[in-house]
Amino acid sequence: MPRIAYVNGRYVPHSNAMVHIEDRGYQFADGVYEVCEVRHGLIVDLTRHLNRLDRSLSELRIAWPMSRAALTQVIRETLRRNHVRNGLFYLQVTRGVARRDHVFPAESTPPSIVVTAKSTDPSVIAKKNATGIKAITVPDNRWDRVDIKTVGLLSNALARQQAKEAGAQEAIYVDADGMVKEGAATNVWIVDANGTLVTRPAEHGILRGITRTTLIDVAAKLGVDIVERKFSVSEMMAAREVFITAATSICFPVVSIDGHAIANGHPGSLSQNIREAFFDVAEKITI
C-alpha cells in the first residue's frame, strides 16, 4: 500500500510530501530528529525518545510543534496508516519557514514537523546479528555538540560512505587522542578481558543513545558489570567483544575493524544475551 506521511498538520501520500524551500532545516540544518523502533506492533522506548527530543529542542531553543500528547497520537496514527508492525518511525522538527537569514526568525514562526513510518524486514537484522558486521575507524571531524540529535549529518553520511567503500557497515569515530567516541549512527561498546562491559560516558562527546540507556538497564538485570569510561582503539582491537547499538538494530556484533578480526572473528555471547533480553526490559507502548 502507498506510504503516508504527516507534514505540518496533514496526512499526505509519501510521494507528495514536501516542505517549503526556505524551511530552516533545508537551509541551515536547523532542526532535530528522532528514530524509534516498532516491534510486534509496539513502540519501543517512546518515553525516552520524546524526553531526548525535548532536550534537543531546548538546547536549540526550538518550540515544541504541538503538545507531547498530541505528538504521541500523530505518531500512532502515522504508524497505523502505514500498517507498520515491525519497522520504525522518523520524526523531524525544524525552526520553521522564514526568509533566509542566519539569525533566528520571529518567535511567532511556527516550527515545522514531519513524521514518516516504514516497515522493515526482521530477517535482515537477524542475519546481521548472526554473522556480525565490519567497521572502520575515522577521525572525528564533527562539531562539538554531537550530544544534540540534529539533522546536520553530513560528516556522518561521508563516514558511512567511506565505510561502504571499504566493504564495511559502520564507521567508528576516534578523537585526537586515539580514543573511541561512537559510530556514525551508533554507540560503541566493548567487552574487556575481565568480561566487563565498557562504553564511553555520554557527555558532550557522544550522543546519549536511547538504546544505549536501556541496554544499561538490561545489563544490570543480567548481572553484567558496566563501566562508563574512555577506551582506546588498541583496547577495542584487543577486546573480547565489540558491538554497536542503535534504535533500529538494537545490538550488532562487530567482528572486524579496519580489516582486523575482533577476538575469533565471530559474534560474541554477551551481545547475543543482551539482544535477547532487550525487548523484555524496554518500554513498550501499543500503537
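This one's a predicted model, so the numbers in the text were calculated from it and none came from an experiment.

Overview of the overall build of the protein chain
Logical step 1: Within the protein chain, the regular secondary structure consists of 8 helices and 16 strands.
Logical step 2: In terms of overall dimensions, the protein chain is globule-like: its C-alpha atoms have a radius of gyration of 19 Å, near the 19 Å expected for 287 residues.
Logical step 3: With the principal axes as the frame, the protein chain shows a C-alpha extent of 55 × 40 × 35 Å.
Logical step 4: Counting contacts in the protein chain only where the partners sit at least 6 residues apart, residues at least 24 apart contribute 71% of the total.
Logical step 5: Counting every atom, the protein chain has about 13,800 Å² of accessible surface; 52% of that belongs to carbon and sulfur.
Logical step 6: Here the protein chain contributes 35 positive and 31 negative side-chain charges, whose respective centroids are spaced 5 Å apart.

Concerning the layout of surface pockets
The method is simple in principle: a probe with the dimensions of a water molecule rolls over the atoms, and the space it marks as empty is what remains.
Logical step 1: Considering only enclosed or pocket space, the second largest pocket measures out at about 250 Å³ in volume.
Logical step 2: Lining the second largest pocket, in full, are Arg61, Ile62, Ala63, Arg95, Phe104, Pro105, Ala106, Glu107, Thr109 and Pro111.
Logical step 3: A breakdown of the residues in the lining of the second largest pocket according to their chemical character gives 6 nonpolar, 1 polar and 3 charged.

Thoughts on helix α5 (residues 154-165)
Logical step 1: When the terminal C-alpha atoms of α5 are compared, their 17 Å separation across 12 residues agrees well with the 16 Å that a helix rising 1.5 Å per residue should span.
Logical step 2: Regarding α5, the residues found buried are Ser155, Asn156, Ala159 and Ala163. Along the axis of α5, the buried residues cluster in a sector spanning 100°; they form a single face. Summarising the geometry of α5, the exposed residues directed more than 90 degrees from the buried face are Leu154, Leu158, Lys164 and Glu165.
Logical step 3: Next to the buried residues of α5 lie β7 (133-139) and β8 (170-174).
Logical step 4: Within two residues after α5, Gly167 carries a phi angle of roughly 80°, on the positive side.

Looking at the sheet that holds strand β4 (residues 42-44)
Logical step 1: Taken in spatial order, the 7 strands of this open sheet run β2-β1-β6-β5-β3-β4-β16, and their pairing is antiparallel. The sheet is open, and its two borders are formed by β2 (10-13) and β16 (284-286), each paired with just one other strand. Each strand axis lies, on average, 25° off the axis of its neighbour in the sheet, ignoring direction.
Logical step 2: Here strand β1 (residues 4-7) runs beside strand β6 (residues 112-119); their pairing, made up of 2 bridges, is antiparallel. Each residue of the ladder has a partner; that of Tyr6, found in β6, is Val115.
Logical step 3: Strands β3 (31-39), β4, β5 (87-94) and β16 of the sheet are contacted by helix α2 (residues 46-60), whose axis makes an angle of about 175° with β3.

Cut-offs and rules
Residues numbered from 1 in each chain as written. Predicted model: local features only at pLDDT ≥ 70, side-chain atom pairs only at ≥ 80, totals over all residues. Heavy atoms only, no water. Helix = DSSP H or I, 4+ residues; strand = E, 2+ residues; numbered from the N terminus. Rg over C-alpha atoms; globule rule 2.2 N^0.38 Å. Contact = heavy atoms within 4.5 Å. Areas by Shrake-Rupley, 256 points an atom, 1.4 Å probe, with all protein chains shown as cover. Lys, Arg positive; Asp, Glu negative; His and termini not counted. Charge placed at Lys NZ, Arg CZ, Asp CG, Glu CD. 1 Å grid on protein atoms, 1.4 Å probe; cavity = no way out; pocket = protein on both sides within 12 Å on 5 of 7 lines; lining within 4 Å. Points joined across faces, edges and corners; volume = space filled by probe spheres on them. Nonpolar A, V, L, I, M, F, W, Y, C, P; charged D, E, K, R; others polar. Expected span 1.5 Å × (residues − 1). Buried < 20%, exposed > 50% of the residue type's maximum accessible area, 1.4 Å probe, protein only. Arc of directions from axis to C-beta. Pairing = 2+ DSSP bridges. Axes fitted to C-alpha atoms, helices over the stretch in contact; angles between N-to-C directions.

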